[in-house]
Amino acid sequence: MSQKADTYKQNFTEDDMPGLLAINEREKEIYGDQEPTHWATIVPYELGGEDPLWAVDCFVSEKETRHFHYVTLGFTNLFYDEEFAENEVSGFGFELTFRHLPVGGDPEKPLWAVNLLQNIAKYVFSTKNFFDTYHYMSANGPIRRDTDTDITAIVFYADHEMGELHSPHGHLKFLQLFGITGQEYINLKEGKYSVPDLLDRHKLTNPLLITDLARK
């Protein structure tokens, strides 16, 4: 048994969730005692469930302007497994986050962003393709279904508030989704500007890159 595995067994038992605990501790560093809205998958993916993510947390942030801040749980290894102690990278190496302004007509705890994140997870788990900073993709329609919005694509950017961490199961980063318009997506595809250029322009007035479905 390696020293890493031995230390792992000393610190945790099979009833622990070391990867999840590390993420929860980062959440508490930012949000203190705020209890997030927690959407957990009813039927686990490995048992035939449709949703790959174990859960999604949602916090209400008052920074910059009041908005929702979602954090996925499940792209990385959350639960006890001695083999994970040897990993340099946990799972796919990232969890996703997403910030958006409240949408008129939405319930107090909007679920549509959870569906968006689960759909991205279905793509990742089925193709084994992973995302990284400055990647971008089309949502093939409004990112909020049945919504009249120009936001039809997303880019991936480092969530500087959540940052990166080294969990007992390896390193992971938090990648934030930022919704962009269909025209911005076309401009990126055509090379009219780069993702860093686009995000730097938005950060002048929106430092946290909070998605606004009303943006044109």
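Okay, so let's go over this structure. (Residues numbered from 1 in each chain as written. Predicted model: local features only at pLDDT ≥ 70, side-chain atom pairs only at ≥ 80, totals over all residues. Heavy atoms only, no water.)

Along the chain, alanine 40 turns up in strand S1 (residues 37-40). Taking the relative accessible area as the measure of exposure, alanine 40 reaches 46% and is therefore partly exposed. Sequence spacing of alanine 40 and serine 194 is 154 residues, and the spatial spacing of their C-alpha atoms is 36 Å. Sequence-distant contacts of alanine 40, that is, excluding residues within four places in its chain, are made with Trp54 and Ala55. (Helix = DSSP H or I, 4+ residues; strand = E, 2+ residues; numbered from the N terminus. Buried < 20%, exposed > 50% of the residue type's maximum accessible area, 1.4 Å probe, protein only. Contact = heavy atoms within 4.5 Å.)

It is worth spelling out the packing of aromatic side chains at this point. In total, this model carries 17 aromatic pairs according to the counting rule given. Aromatic pair phenylalanine 92 and phenylalanine 94: ring centres 6.4 Å apart, planes at 40 degrees, arrangement tilted. Note on phenylalanine 94: relative accessible area 1%, which makes it buried. Put simply, the rings of Tyr45, Phe75, Phe92, Phe94 and Phe125 touch in pairs and so form one group of aromatic residues. (Phe/Tyr/Trp six-rings, centres within 6.5 Å; stacked < 30°, edge-to-face > 60°.)

Turning next to helix H2 (residues 18-31). Along its 14 residues, H2 runs 20 Å from first to last C-alpha, staying within 8% of the 20 Å computed at 1.5 Å per residue. Turning to H2, its buried residues number three or more, namely Pro18, Gly19, Leu20, Ala22, Ile23, Arg26, Glu27, Ile30 and Tyr31. The secondary structure elements touched by the buried residues of H2 are helix H1 (3-11), strand S2 (55-61), strand S3 (67-73), strand S4 (89-100), strand S7 (164-167) and strand S8 (170-181). Phi turns positive, to about 60 degrees, at glycine 32, one or two residues after H2. (Expected span 1.5 Å × (residues − 1).)

On to helix H4 (residues 182-189), then. Along H4, the residues classified as buried are Glu184, Tyr185, Asn187 and Leu188. The buried residues of H4 occupy an angular sector of 160 degrees when projected down its axis, which confines them to one face. Buried residues along H4 sit against strand S5 (136-138), strand S6 (151-158), S8 and helix H5 (195-203). Downstream of H4 by one or two residues, glycine 191 has phi in the positive range, about 75 degrees. (Arc of directions from axis to C-beta.)

As a further point, take the nonpolar core. Residues Tyr70, Leu96, Phe98 and Leu177 are the most contacted members of the largest nonpolar core, which totals 27 residues. When residues of this core are traced back to their parent elements, those giving at least two are S2, S3, S4, helix H3 (112-127), S6 and S8. Ranked by the residues each element gives to this core, the list is headed by H3, at nine residues. Counting residues in each nonpolar core, the second largest holds 14 residues, with Leu20, Ala55, Phe59 and Met162 among its members. (Core = buried A, V, L, I, M, F, W, Y, C linked by side-chain atoms within 4.5 Å.)

Glancing now at the side chain of arginine 215. One can find arginine 215 in the segment after H5. Setting aside residues up to four positions removed in sequence, arginine 215 forms contacts with Asp150, Ile151, Phe178, Gly179, Ile180, Thr181, Glu184 and His202.

What follows covers the pattern of salt bridges. Close approach of charged atoms allows side chains with opposite charge to pair. A complete count under the given rule lists 13 salt bridges for this structure. Arginine 99 is the salt-bridge partner of glutamate 161, the closest N and O atoms lying 2.7 Å from each other. With glutamate 161 in the loop between S6 and S7 and arginine 99 in strand S4, the pair connects residues that are 62 residues apart, well separated along the chain. By relative accessible area, arginine 99 is classed as buried at 0%. The closest approach of N and O atoms between lysine 192 and glutamate 190, which form a salt bridge, is 3.5 Å. With relative accessibility at 56%, the residue lysine 192 sits in the exposed group. A residue is classified by how much of its surface remains accessible, and glutamate 190, at 52% relative accessible area, is exposed. (Salt bridge = Lys/Arg side-chain N within 4 Å of Asp/Glu carboxyl O.)

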